[in-house]
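Next come the chains, spelled out residue by residue.
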Amino acid sequence: MADDDISGSMWGDAPRKTIVDVPVAANPFAEDDIFARPDPPAEQSTYAPFDEPLSGEFGDMNIIGKEENDDEEEEAVAIPQKPVQGTSHLISELAGEEVGITMNTPSGSLFGDKNPLLSADEDTDDTARAPVKKVARGVASMYKARGRNRREPKPLANTNPLGPLGPETDTTAEENSTNISAAELLTAAADGPLFHIKKPEPEAPAEPIVQEIQSAPKAIEAEAPVALEISVGDPVKIGELTSAHIVYTITSKSALLSDGTAKVTRRYKDFRWIYHQLQNNHPGFIVPPPPSKQAVGRFNEEFVESRRMALETMLQKIARNAMFQKDPDLLMFLASENFGPDAKARELATGSAASTIDEEDDEGSSSSSGFMNSFSKTLGLSTGPKYVEEDEWFVEKRTYIELLEINLGNIYKNLELVVQQRTELATMTAEFLTMMDELAALDASGDIFQESSISLLMGFGSTQSKLKDLVARSLLQDMLTLGSTIDEYLRIVGSVKHCFSQRVRLKTALLTQEAELTKLQKLAAKTNVTISTTANNVAQKLKLALVKEQITKQESKTQGLEKKFKQITVDIKNQLGQFETNKINDFRNAVETFLESNIELQKESIELWETFYERHHLSEIK
Amino acid sequence: MTSAVPYNPDDFDVNNPLGDDFDNNPLGADFSNNPLGADTPDDTVDVPIDEPAEASTIIPGHTITAIVSDEELHRLLPERFHAQKSQAKITVKISTIDFSKRENPIVTLDFTLEHLPGYRKAAYKDVRRSYAALGKFQKYLEIANLEVFVPSVPPAVTSYPTGEQEQTKVRRDLQNWLDYVTGNPVVIRDDEFVHFIESDFDYTVINAHHKAAVATGLKRKTLKQLQPPYDSFTELAEFRPFVKSVYQTATKLTKQMERIGRLDRLHSVALADFGAAFQPLAEAEAGRARAVSHPGMVRMWQKVAKTLAANADLLLAQSAVELATLGDEFRIVASDAYIVKECLTNRHLVMRELIQAQDSTKSSHTRVVKIKNRSVIDPLKVDEAIKALEFATQIEKNLTLQVKRISGEMIIERGEIMARMETRLNSAVTSYTLAKIETARKTLRNLEQIRGDIRAVDERGGLSRLGRDHLPARGECGAASQSNKGDSWSNRTTRAIDVVKNRSDEQEMEPEEPQGPAFDARSAAALLGSCTF
């Protein structure tokens, strides 16, 4: 190894650049920011400001990100670097002054303020600054978000503790009163965000936000979840041959529980039950899923441990969600001494049929279900109007999620292969080591080989076996970190898809309902015509009254469905936003752990070999 | 001399006028097969042996007098111990190797000869010998010199990918082998060496008749099944089973290394696939609408994919090096051990011949005694019997000398060949270790390179900053843990790479020649000093 290689010249310019632009890249996804993000109601005016800065930021970030990726190519760097350097002082300037200003405005809602400010900037500024300005704006806006999070979280909390998240009921009420069709709303919402950047409309976004702030803060998201500590442990095998299963002890501690603490035993099936129950209770919410089923080797120690871990992660993630943690089913699940009947009762009460869903769902979620899925799809097509996705947002997300599933599945398969091969390699090495030992032990009398050679062979063997242990440990680590994260996300993706299908199902129902409504309305119109034309129309009038009654009934039903549909759309969007944040966080953590554990492995193995080299004076051997 | 009944000519009435001839008749027919007879000048064979001195350890049955005195050994192995004869020396140096044929490269050799009769010149330049010729020569030497362990010619094809590494290794191994062979005083006095060096074109074996020296083929197989004859040289008696198990273990190790190498390759492919599987993730992330695409994630997945692929490549390279260092070395050790084992078998066969000769001496002796005790003596029969006895005695005597010579030489060579094996193993382990360290270091560097990118995915800086909000956003994570000054995680002062680097620096300073003989057979033997006589 050449020495200058090790000296790490690769860090030569990379880190500096990272320091400059990485906070920029990282910022908009900071968790606080996401949590504070408003529920985007499906209305253009409120929607636009939310998405606008985002797209602006990311647009610039993309440029920067790309630039860094090919930092070997100097030419590519040369051009974008200028604006970055140019903005570096601008950043501080903007962060210091402009942010300060925005912070002090009492109406400081999250996103609304940015737009007027920037557009004003744009309007007033002369064209001379134009080339720098664009980047500066992107950077500055990001910095603003960060500055807000970091420096002045309190004023924000004081003026508007829940952020602009409140408006849900308000807006939905508004929507109810207005008779805009859902489709129109959706298209407006989908088209809105991306293209409004250039339009200087300082007034438009401010209005609804002010309304939102005034409206009653009944936001779910903003409510900080109560501390709910859950641990799953102590797996015990119970039952006879046929009914044998593992029972886990769940210990939970929270103010939400009547006793403060609870300790119950649950089996795997029960975890599935609570999963489906929660899915049913909160449509549009991504419920952290339990680990997948496994028929063979259920009592294998490693498997039980990994399952226990996955179950614990699931419960902890559920518990972190303010919505889920108040769910009566969950509390019952955590505390009930008499789970079986209670579960039945709850199931009846909520009409979820969680225990029966289970099997079907498994069929559906397993990879072999391509046929089943397509079958049910065609069935859906035959029974009702097919819903074609109108919301671009959903189209994008859906393709992304599907791609994610495929890719993650691929990675997981490959990881498993790697692990399997490494395990095989370890056994081979073990065999090799016994042979090495044999070789070293051949000269029992010690008069043929020199002492040093024998100890060399012995040392070689022991170094190898130590290394083998190390590798085995790191393998386990890899599987526990990266492997389990990927596995978990594969399952979460399943949940996400479930949410999508819930929404589609609602939409289909809505469409059917609307079709029926229009049919009735047509009938009413026809009857009206007959009433006007015919003389004897008592029967017809009666019929009209009947139809009208039906229409109002259907209308209210449709409205209910529409409301539900809007709600689920909002919820899913909301949830997916959180999903994206969590995804970034979890994967980053997993990859970092994976990386660090591998770095440690390499260090340790270097150390082992170096020690071996030194101890046996290998430097004297050519 | 080790007959059960010592022969004393005085026991018999020598009234045969023809009987005197026997002493001077060396029974050439039998000796033609004997390298001892062919190679050693007469004076060594015909040295009168002081019988009473040796007869002290007569054991009933077929035995060989165990201990050879120093004096006798000196007489028996003049190549090693004679003041003048031991000065003979062949120095050989590989000047070039033509690798155009991978399986059968052509080696150009320069010879320098000292104190060796029978050569026309003192130095021979640019002697071109094919690899196959070397193999033939080795085979010949092995058969013709029963007392010598001639190691196998190292393979011309290594586990390294074709290229410089392979060529260096082949060159080093061949030079090493030539040095070992020419370092052996017995072998260099072989007539065939003259042919090997002087032949104008590629060498072929000239003295082909030596093949008959010991049993071959089915006979050899059958004889090997028998219990080995009693061996009073404990060192050699223990040596054969030892070498046999070395051979077996080394063969097993070779196979295992091959299996591991195959699996390593698969593993590296799997690792590369694993890395490649991250690429679509990056693409999917990058391909999203700009509003939702996260550049940090894109960068992370790209870097992870790249690094894993790079590490897979490193692993692949390392597995080749592993195979080439340990695997090939085990193969060479195994074939050397096999040759040593066969040489020891040859010795057993010669010992068996000796036992047969002893038997025939004994039977002719009894016949002579019988005739002597008869009342009527037929002078013709007496003549015949005495002739037969003399004949048998002579064979026995020569065989005894041969066994002694073989045993003495083998005891010396045992140390040499084992030292060679040991050196090979040690250097194999060393280069293996170095390769391992190098790969680990490179892998570590690769991994550390992307550390910053992963921590920088979002502004919180990853797990490394857990609970330390006041630290600057990032900075220290970029520091590589390995540098010229040492490793940040340990206070080790000397590292393997530094040692290797210093060594290569030294080599560059004096570009005199690529390290010549890695090991001198004689000095190694002296170092071992394990001869017990």
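Residues numbered from 1 in each chain as written. Chains lettered and ligands numbered in written order. Predicted model: local features only at pLDDT ≥ 70, side-chain atom pairs only at ≥ 80, totals over all residues. Heavy atoms only, no water.

**What about the overall build of chain B?**
Link 1 in the chain: Of regular secondary structure, chain B possesses 18 helices and five strands.
Link 2 in the chain: Evaluated residue by residue, chain B yields a buried proportion of 53% over its 533 residues.
Link 3 in the chain: For chain B, restricting intrachain contacts to residue pairs at least 6 apart in sequence, the fraction spanning at least 24 positions comes to 76%.
Link 4 in the chain: With the model as given, the accessible surface of chain B reaches about 24,400 Å², and the carbon-plus-sulfur share is 54%. (Helix = DSSP H or I, 4+ residues; strand = E, 2+ residues; numbered from the N terminus. Buried < 20%, exposed > 50% of the residue type's maximum accessible area, 1.4 Å probe, protein only. Contact = heavy atoms within 4.5 Å. Areas by Shrake-Rupley, 256 points an atom, 1.4 Å probe, with all protein chains shown as cover.)

**A look at helix α15 (residues 339-350) of chain A**
Every α-helical turn comprises 3.6 residues, leaving residues that sit three or four positions apart pointing alike.
Residue and element names in this part refer to chain A.
Link 1 in the chain: Helix length check: α15, at twelve residues, gives a terminal C-alpha distance of 16 Å against a target of 16 Å (1.5 Å per residue), a fit within 8%.
Link 2 in the chain: Residues of α15 that are buried: F339, A343 and E347. The buried residues of α15 occupy an angular sector of 70° when projected down its axis, which confines them to one face. Residues of α15 that are exposed and angled more than 90 degrees away from the buried face: K344, L348 and A349. (Expected span 1.5 Å × (residues − 1). Arc of directions from axis to C-beta.)

**Side note on a positive patch on the surface**
Link 1 in the chain: On the surface, a cluster of positive charge is contributed by R367, K370, R374 and K381 of chain B.
Link 2 in the chain: Exposure remark for R374 of chain B: the relative accessible area of 45% places this residue in the partly exposed category. (Patch = residues over 30% accessible without salt bridge, like charges linked within 9 Å, V, L, I, M, F, W, Y side chains within 5 Å. Salt bridge = Lys/Arg side-chain N within 4 Å of Asp/Glu carboxyl O. Lys, Arg positive; Asp, Glu negative; His and termini not counted. Charge placed at Lys NZ, Arg CZ, Asp CG, Glu CD.)

**Regarding the packing of aromatic side chains**
Residues and elements named next belong to chain A.
Link 1 in the chain: Applying the stated rule across the entire model yields 28 aromatic pairs over all chains.
Link 2 in the chain: Both rings, one in F333 and one in F339, keep their centres 5.7 Å apart while their planes meet at 75°; by these two values the pair is edge-to-face.
Link 3 in the chain: A relative accessible area of 11% places F339 in the buried class.
Link 4 in the chain: Here the aromatic rings of F460 and W609 are separated by 5.9 Å at their centres, their planes lie at 50°, and the arrangement is tilted. Linking F460 in helix α19 (residues 451-533) with W609 in helix α20 (residues 538-615), this pair joins segments that are 149 residues apart in sequence. Both residues of the pair, F460 and W609, belong to the buried class. (Phe/Tyr/Trp six-rings, centres within 6.5 Å; stacked < 30°, edge-to-face > 60°.)

**Quick notes on the confidence of the model for chain B**
Link 1 in the chain: Looking at chain B as a whole, the pLDDT averages 78, with 77% of positions reaching at least 70.
Link 2 in the chain: Below a pLDDT of 50 lies the segment residues 511-517 of chain B, which in the model reaches five contacts outside its immediate sequence neighbourhood of four places, other chains included. (pLDDT = per-residue confidence, 0-100.)

**What to know about the confidence of the model for chain A**
Residue and element names in this part refer to chain A.
Link 1 in the chain: Across chain A, the average pLDDT comes to 66, with 57% of residues at or above 70.
Link 2 in the chain: Note that residues 1-180 has pLDDT below 50 and, in this model, 258 contacts with residues that lie over four places away or in other chains.
Link 3 in the chain: Across residues 360-383, where pLDDT falls below 50, the model places eight contacts with residues more than four positions away in sequence or in other chains.

**A look at the sheet that holds strand β1 (residues 228-238) of chain A**
Residues and elements named next belong to chain A.
Link 1 in the chain: Across the sheet, three strands lie side by side as β1-β2-β3; this open sheet has antiparallel pairing. Of all the strands in the sheet, the pair left with one neighbour each is β1 and β3 (261-267). Each neighbouring strand pair of the sheet contributes to a mean axis angle of 20°, computed without reference to strand direction.
Link 2 in the chain: Two strands pair when backbone bridges link them, and strand β2 (residues 245-254) and β3 are joined in this way by seven bridges, in the antiparallel orientation. In the strand pairing of β3, T249 is matched with T265.
Link 3 in the chain: The sheet strands contacting helix α14 (residues 328-335) are β1, β2 and β3, and the helix crosses β3 at an angle near 85°. (Pairing = 2+ DSSP bridges. Axes fitted to C-alpha atoms, helices over the stretch in contact; angles between N-to-C directions.)

**A closer look at the sheet that holds strand β1 (residues 89-98) of chain B**
All names here are of chain B.
Link 1 in the chain: Reading across the sheet, the three strands line up as β1-β2-β3 and stay open at both edges, with antiparallel pairing between neighbours. Each end of this open sheet is capped by a strand with a single partner; those strands are β1 and β3 (123-130). Averaged over all pairs of adjacent strands, the angle between strand axes in this sheet comes to 25°, irrespective of strand direction.
Link 2 in the chain: In the sheet, strand β2 (residues 106-114) pairs with β3 via six bridges, with the strands oriented antiparallel. By the bridge assignment, T108 is partnered in β3 with R128.

**Quick word on the environment of I417 of chain B**
Residue and element names in this part refer to chain B.
Link 1 in the chain: Within the fold, I417 resides in helix α16 (residues 379-455).
Link 2 in the chain: By relative accessible area, which is 1% here, I417 ends up buried.
Link 3 in the chain: The sequence separation of I417 and P151 amounts to 266 residues, and the corresponding C-alpha distance is 7.7 Å.

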